[in-house]
Amino acid sequence: MFFGRKGKRTIEMTKLSSLVADNLEIVGDVIFSAGLRVDGRIQGNVVNKEGERSLLVLSEKGSINGRVRAYDAVINGVIEGDLEVDHFLELQANARISGNIIYRQLQMECGAVVDGKLEKVADGASGANVIELTNSIPASVAR
């Protein structure tokens, strides 16, 4: 008999074909396909092309001020706006999100901060779970 997790899903796209370097600031919307790594700043919406499986990687140096939509995402920087991830979302320790998050599968490391609502989209699209998070931490657990 085999014991373990049921078919753990992970990020499907592994190739990052575009880069917004840390010395670059973009003012305006960015529409991308395949993979995009953001080390710089974007003032505008960042969305993947409709119907494509994409990967967004936002490093700890990067920031986005606008709505974000991707198929898979790894976030370790700052997003001020709503975030929608169709498949797999990883929030790393330095992630700071000010906005609502819609996701199908979520991995969140200790230290990541979300100031908004988390809404899980069910695989069968038959209902959703909503959790409201704020960045306030009780003094008893603050470091």
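The written sequence of each chain sets the order in which its residues are numbered from 1. Since the coordinates come from a predicted model, pLDDT governs what is reported: local features require at least 70, and pairs of side-chain atoms require 80 or more to be given and counted, while whole-chain, interface and lining totals use all residues. Side-chain figures throughout are based on the complete set of non-hydrogen atoms in the structure, without hydrogens or water.

- The chain is annotated in an unreviewed UniProt entry as Polymer-forming cytoskeletal protein from Aromatoleum petrolei.
- UniProt positions are given in the numbering used here, feature names are shortened, and annotations may be inferred rather than shown by experiment. Note on the chain: under the UniProt heading Sequence similarities (unreviewed entry), the record states "Belongs to the bactofilin family."

## Side note on the side chain of E90
Inference 1: Helical segments are the DSSP runs of H or I of at least four residues, strand segments are the runs of E of at least two, and each set is numbered from the N terminus. Tracing the chain through its elements places E90 in strand 11 (residues 83-91).
Inference 2: By the criterion applied in these results, polar contacts are pairs of N or O atoms within 3.5 Å in which, for protein atoms, one can donate a hydrogen and the other can accept it, and in which residues neighboring in sequence qualify only through two side-chain atoms. At a separation of 3.1 Å, a polar atom in the side chain of E90 contacts the side chain of Q92.
Inference 3: The residues touching E90, leaving out its near neighbours within four places in the chain, are A73, V74, I75, Q107 and E109. Any two residues whose heavy atoms approach within 4.5 Å are treated as being in contact.

## Remarks on the pattern of salt bridges
Side chains that differ in charge, positive against negative, can pair when their charged atoms come close.
Inference 1: By definition, a salt bridge exists where a carboxyl oxygen of Asp or Glu is found within 4 Å of a side-chain nitrogen of Lys or Arg. One pass over the structure, following the stated rule, counts four salt bridges.
Inference 2: Residues R41 and E25 are paired through a salt bridge, measuring 3.8 Å at the closest nitrogen-oxygen approach. Separated by 16 residues along the polypeptide, R41 in strand 5 (residues 41-43) and E25 in strand 2 (residues 25-27) bring together distant segments of the chain.
Inference 3: Between R69 and E50 there is a salt bridge; the shortest N-O distance is 3.3 Å. Residue R69 is found in strand 9 (residues 68-75), and its partner E50 is found in the loop between strand 6 (46-48) and strand 7 (55-58); the two are separated by 19 residues along the sequence.
Inference 4: Per-residue accessibility, obtained with a 1.4 Å probe over protein chains only, is compared with the maximum for each type, and a residue is labelled buried under 20%, exposed over 50%, and partly exposed between these values. Using a relative accessible area of 17% as the deciding quantity, one classes R69 as buried.
Inference 5: For E50, a relative accessible area of 69% corresponds to the exposed category.

## Describing the pairing of strand 4 (residues 35-38)
Inference 1: Here three bridges tie strand 1 (residues 18-20) to strand 4, and the two strands are oriented parallel to one another. Following the sheet pairing, S18 is matched in strand 4 by L36.
Inference 2: Both strand 4 and strand 7 contribute to a ladder of four bridges, which runs parallel. Bridge pairing in strand 7 links V38 to L58. Paired strands, as defined in this entry, are two strands with at least two bridges between them according to DSSP.

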